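Report on the structure
Given next are the chains, with one letter for each unit.
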Amino acid sequence: MSGCCGCCSALRPRYKRLVDNIFPVNSEDGLVKSNMEKLTFYSLSSPDKLDRIGEYLYQKASKDINRKRYKFVEIAMEAMDILLQACHAQTTLNLFVESFLRMVQKLLEDSNPNLQILATNSFVKFANINEDTPSYHRRYDFFISKFSSMCYGNNDNIELRDSIRLAGIKGLQGVIRKTVSDDLVENIWEKQHMEKIVPSLLFNMQSGDLTPVEDATVVTPPVLAEEVLRELVGRASFGHIRSVLKPLLTHLDRHELWVPNTFAIHTFRIVMISIQPQYSYTVVETLMQHLDNNFKSSPKTRTSLAVVLSKIIAIAAGESVGPSALDIINNLLTHLRTSVSTTTEITPEESQYQEALINALGEFANHHPDYQKIEIMLFIMNTVPDLSKKSKGDQMLQNILLKSLLKVGTQYSTTSFEKAFPASFLQPLLKMARAPHDPTRIIVMQIFQSLLDRHQNEKVLSTVSIKPYAALSQETPSRSDIIFTHKYGANIMQALIDSMALSEKLDSLTSSYNTAALLIVEMACGETVQEFLLFILGIQQVANTSDELSNIHKCCLQIIAIALLTLTARVTGINNLLEYAQKIIEDRKQEATYLLPPLLDTKKSNKSYNLNLPHLAIDKMALAECLQNAGMDFNRLQTGVPYALNQSDNPGHRHSWVESVSSNHMTQRNSSADLTAYNADADSISSSPGVSKKALAPEYTVDAMKRYLAEPPESVKREQQEKQKQIVRAFRESDFEDLMKRTEPKHDVIQNRLNDLFNSLSIDNKTPQNATNQNEKPIYETNFPELFYY
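Just so you know, these numbers come straight off a predicted model, no measurement behind them. (Residues numbered from 1 in each chain as written. Predicted model: local features only at pLDDT ≥ 70, side-chain atom pairs only at ≥ 80, totals over all residues. Heavy atoms only, no water.)

Below, the discussion takes up the overall build of the chain. A count of helical and extended segments in the chain gives 35 helices and zero strands. Expressed as a percentage of its 790 residues, the buried residues of the chain come to 47%. Put simply, 73% of the contacts in the chain that link residues at least 6 apart link residues at least 24 apart. Total accessible area computed for the chain in this model is approximately 40,400 Å², and 51% of it derives from carbon and sulfur atoms. (Helix = DSSP H or I, 4+ residues; strand = E, 2+ residues; numbered from the N terminus. Buried < 20%, exposed > 50% of the residue type's maximum accessible area, 1.4 Å probe, protein only. Contact = heavy atoms within 4.5 Å. Areas by Shrake-Rupley, 256 points an atom, 1.4 Å probe, with all protein chains shown as cover.)

Trans is the prevailing form of peptide bonds, just as negative phi is the prevailing case for residues other than glycine. Here the bond from valine 259 into proline 260 is cis, since omega is -5 degrees, no more than 30 degrees from zero. In this fold, proline 260 is placed in the loop between α12 (241-254) and α13 (262-274). The linkage connecting proline 597 with the following residue, proline 598, adopts the cis geometry, with an omega of 5 degrees. With respect to the helices and strands, proline 598 occurs in the loop between α27 (575-591) and α28 (620-629). Backbone geometry at glutamine 456 places phi at a positive 55 degrees, although glycine is not the residue there. Mapping glutamine 456 onto the fold places it in the loop between α22 (438-452) and α23 (479-502). What makes glutamine 456 exposed here is its relative accessible area of 61%. Residues other than glycine seldom take positive phi values, yet alanine 471 does so here, at roughly 60 degrees. Along the polypeptide, alanine 471 turns up in the loop between α22 and α23. Using a relative accessible area of 71% as the deciding quantity, one classes alanine 471 as exposed.

A few words on a nonpolar patch on the surface. A cluster of nonpolar residues, Leu754, Leu757, Phe758 and Leu761, forms a patch on the protein surface that exposes about 380 Å² of accessible area. Secondary-structure assignment places leucine 757 in helix α34 (residues 748-766). (Patch = residues over 30% accessible without salt bridge, like charges linked within 9 Å, V, L, I, M, F, W, Y side chains within 5 Å. Salt bridge = Lys/Arg side-chain N within 4 Å of Asp/Glu carboxyl O.)

Here we come to the pattern of salt bridges. Applying the stated criterion across every chain, the model contains 23 salt bridges. Here glutamate 195 makes a salt bridge to lysine 191, at a shortest N to O gap of 4.0 Å. Of this pair, glutamate 195 and lysine 191 both sit in helix α10 (residues 191-206), four residues apart, roughly one helical turn. Residue classification places glutamate 195 among the partly exposed residues on the basis of a relative accessible area of 43%. A residue is classified by how much of its surface remains accessible, and lysine 191, at 60% relative accessible area, is exposed. Several salt bridges converge on common partners, so that one network encompasses Arg177, Glu231 and Arg235.

The next point concerns the side chain of threonine 179. Turning to its location among the elements, threonine 179 is positioned in helix α9 (residues 158-180). There is a polar contact of 2.6 Å between the side chain of threonine 179 and the backbone oxygen of valine 175. (Polar contact = N/O pair within 3.5 Å; in protein donor to acceptor, adjacent residues only side chain to side chain.)

The tendency in soluble globular proteins is for nonpolar side chains to be buried side by side. Leu57, Phe268, Phe421, Phe535, Leu564 and Ile618 are the most contacted members of the largest nonpolar core, which totals 220 residues. Broken down by element, the residue count for this core peaks at 14 residues, all from helix α26 (residues 551-572). Aside from chain neighbours lying at most four places away, what touches isoleucine 618 is Ile536, Leu537, Gln540, Ala561, Ile562, Leu565, Tyr580, Ile584 and Leu623. (Core = buried A, V, L, I, M, F, W, Y, C linked by side-chain atoms within 4.5 Å.)

Looking now at the packing of α9 against α10. Two measures define how a pair of helices packs: the angle their axes make with one another and the distance between the axes. Here α9 crosses α10 at 140 degrees, and the two axes come no closer than 11 Å. Relative to α10, the crossing made by α9 is left-handed. Where α9 abuts α10, its residues Arg165, Ile169, Leu172 and Ile176 lie against Ile197, Ser200, Leu201, Phe203 and Asn204. Here the contact of α9 with α10 is composed, by residue class, of six nonpolar, two polar and one charged. (Axes fitted to C-alpha atoms, helices over the stretch in contact; angles between N-to-C directions. Left-handed = near helix turned anticlockwise from the far one by under 90°. Nonpolar A, V, L, I, M, F, W, Y, C, P; charged D, E, K, R; others polar.)

The next thing to look at is helix α11 (residues 221-235). The end-to-end C-alpha separation of α11 is 21 Å, in line with the 21 Å expected for 15 residues at 1.5 Å each. Residues of α11 that are buried include every one of Pro221, Pro222, Leu224, Ala225, Val228, Leu229, Glu231, Leu232 and Val233, and no others. (Expected span 1.5 Å × (residues − 1).)

We now examine the packing of helix α24 (residues 506-523) against α26. At a closest axis distance of 10 Å, the pairing of α24 and α26 adopts a crossing angle of 20 degrees. Judged on the interaxial angle alone, α26 and α24 are roughly parallel. By crossing handedness, the relation of α24 to α26 is classed as right-handed. Contacts from Leu509, Tyr513, Ala516, Ala517, Ile520 and Val521 in α24 reach His553, Cys556, Leu557, Ile560, Ala563, Leu564, Leu567, Thr568 and Val571 in α26. (Parallel < 35°, antiparallel > 145°, perpendicular 65-115°, else oblique.)

If you walk through the whole model with that rule in mind, you get 20 aromatic pairs. Between the aromatic rings of phenylalanine 238 and tyrosine 279, the centroid separation amounts to 5.7 Å while the plane-to-plane angle is 55 degrees, which identifies the pairing as tilted. Within this pair, whereas phenylalanine 238 is found in the loop between α11 and α12, its partner tyrosine 279 is found in the loop between α13 and α14 (280-293), the two being separated by 41 residues in sequence. In this structure phenylalanine 238 comes out as exposed when scored by relative accessible area, which is 52%. Put simply, the rings of Phe100, Phe123, Phe126, Tyr140, Phe142, Phe143 and Phe147 pair up and form one aromatic cluster. Directly above the ring of tyrosine 353 sits arginine 302, whose terminal nitrogen or CZ lies 4.7 Å from the centroid. (Phe/Tyr/Trp six-rings, centres within 6.5 Å; stacked < 30°, edge-to-face > 60°. Lys NZ or Arg CZ within 6 Å of the ring centre and 35° of its normal.)

Tracing the chain through its elements places phenylalanine 268 in helix α13. Spatially, the C-alpha atom of phenylalanine 268 lies 7.6 Å from that of valine 308, the residues being 40 residues apart in sequence. With residues up to four places along the chain from it excluded, the contact list for phenylalanine 268 reads Leu245, Leu248, Leu249, Leu252, Trp258, Val283, Leu287, Val308 and Ile312.

Let's shift gears to the environment of proline 369. The topology assignment puts proline 369 in the loop between α17 (348-366) and α18 (370-383). Of the residues examined, proline 369 reaches a relative accessible area of 37% and is grouped as partly exposed. A C-alpha to C-alpha distance of 9.7 Å links proline 369 and serine 413, two positions 44 residues apart in sequence.

Moving on to the environment of valine 408. Here valine 408 is to be found in helix α19 (residues 392-411). For valine 408, a relative accessible area of 0% translates into the label buried. Considering only alpha carbons, one finds valine 408 and glycine 362, 46 residues apart in sequence, at a separation of 5.2 Å. Ignoring anything within four residues of it in the chain, the contact list for valine 408 reads Leu361, Ala365, Lys373, Ile376, Met377 and Ile380.

Time to look at the confidence of the model for the chain. Averaged over the chain, the pLDDT score is 81; the fraction of residues at 70 or greater is 79%. Note on residues 1-7: pLDDT is under 50 here. Beyond four places in sequence and across chains, it has zero contacts. (pLDDT = per-residue confidence, 0-100.)

Now for the side chain of threonine 414. Of note, threonine 414 is situated in the loop between α19 and α20 (417-420). Owing to a relative accessible area of 11%, threonine 414 belongs among the buried residues under this scheme. Within the structure, the side chain of threonine 414 is placed 2.8 Å from the backbone oxygen of leucine 451, a separation counted as a polar contact. Among residues more than four places away in sequence, those in contact with threonine 414 are Ala420, Leu451 and Arg454.

Let us look at helix α6 (residues 93-109). End to end, α6 covers 24 Å across 17 residues, agreeing with the expected 24 Å (1.5 Å per residue, within 8%). Looking at α6, one finds that the buried residues are Leu93, Asn94, Phe96, Val97, Ser99, Phe100, Leu101, Met103, Val104, Leu107 and Leu108. Summarising the contacts, the buried residues of α6 are in contact with α4 (50-66), α5 (70-86), α7 (113-127) and α8 (141-150).

Written out as structure tokens, the structure is:
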């Protein structure tokens, strides 16, 4: 019989005999290495037999599985792995792979967890092989389903359970690597596959601790699942990002993982860090759409979604420019409007949701360059409801949108006020500063403060005081800032006066004072001090002349005026002005302490105060005298009109020394009437009483010339007409002595110098030609002074 068996075995094909020889008599002995080397050599020399070898190994393993001879199954799988690694360069490998995958599937279908882990490890080895030839007919549906189910392993043995889950995650990683790089196989990004892969990974991630593991060598299911998710997102192209995000959002919804949102934030951060940078905008867009779909959800859920958005939106900001950036801003503003319009009363939960959206907007804007922040602020300002809409909902929306604007403003780093306050942004902001609603005005003042405060003085100047402010940081304003002050300072200060007159509440007055103080600290200098003094006189004038204000309100305005005067004197370093302010303060201490800081609170004070104390008021002529004694220009202050309530807000030049005269006042026929037709040039204007010559640009830069060319001809004509009217008014209404002083010839010094020169020439002509001075300097020193030496 033995001879017969030997005879029969000799008649069997060689590849079968080689395969049979790798199995030992005792399964515990393991694979016969020497015979395995013979089988490998045979496979390499006869690659056409690979498919038959694979099929035969599969048949033997199937029989061993049915007989529960698991050791022999492991040997067969090991032989498969060795052949796969050795022959992966063969062109006929595809035929062997079919047997290999059938073998892996057979092991995975068995209930033995060890066989499942063994099959998974073999599949991972196969997935790491780069095949040269494409495969047209492979399908991985079974492997995706099986590996996904293994990720949910719930064996009572924790160690075995983790091993099965790890094997499932590794298997999914293998499928991803094998399919993403090969366009001819199963499309891994299809909905039915992603709905199995992504939740399986998230399930394992949420079961672990989110804090970093100290021992990085220990691989746990949560750690490996996170790694695979990073790889999956990183391999996704633009068209496949949403295929990953949709099942991710669905998983968070179904398992109620938005509240608390720690896991959601962690997951989306992984997505944003792993995704290709140019596609990060898609994640933000998808999350916003999900927020749209959850508009009926609880405020806590929407708040958590908005917080997640605020945590990741900064990462996408660097890649979104132009329309995409404004699109995100518009979406956030739309959510804010929806929140306001759908709720009659703002609950604490709804308020938290709105704050989360505002924070998201601020985080997004913070990662843009300053010029885009200005565009964003302009965009937000254009969406704020008009002041004519005074309903409660519109006021709430105004406040919410202005808070968004403030959030962006706090992220902006101001270098030049001209760039921080373009006219298209400044004008609507000044209108909002006159809003009748106190909270709206306070937010507007905070916006001004955030943009004006270049040296972190806002907190220092938050209290009204006549004492020196500690730790006050200041810097001499630049030329562009001085030009900005001359052009728009009057408009800002006018709006501040109107704002102060609207409410006597302490928080409203304090915020207006803070803005005015910052304006003075940042812009006050010798060239602008007269404008600020007229501003202070305007505040005092409103307190003295307005009949609509209460006595306490008037006292507060007087307090603000003296505090700003003291601050102006200290900032500009004009000692005469400071001494005058101190004198007023001392007099008020003696007679009217209620006209000194702190501000009076209407809730705590109901006394009647005497405000008819002209000797304790700031005097205009005394201020002009202080400037004159300091050797500074004082004509603007002496002849100008203090700011008043509700003046025009157009950015015109307010540098006239008298008020404008309307044409209907010019009906009298006298000698001065002809002046109206006089077209004065720049030189005659500069010599006219109190009318200053228009300053040229300090330097001929492109921006300066652009600004000059941008002025409309109509404004130039109006300005010339205004100056002509001022000249007429001056010669009509001024005293004769005043006119004599103002029109004194300014050429005395030149005439005296000319006389000296003529006298010296006549003396030189009388001197004899032969008379020479021994101490006379050489001719070259006379003709070429040291200034012209090379």
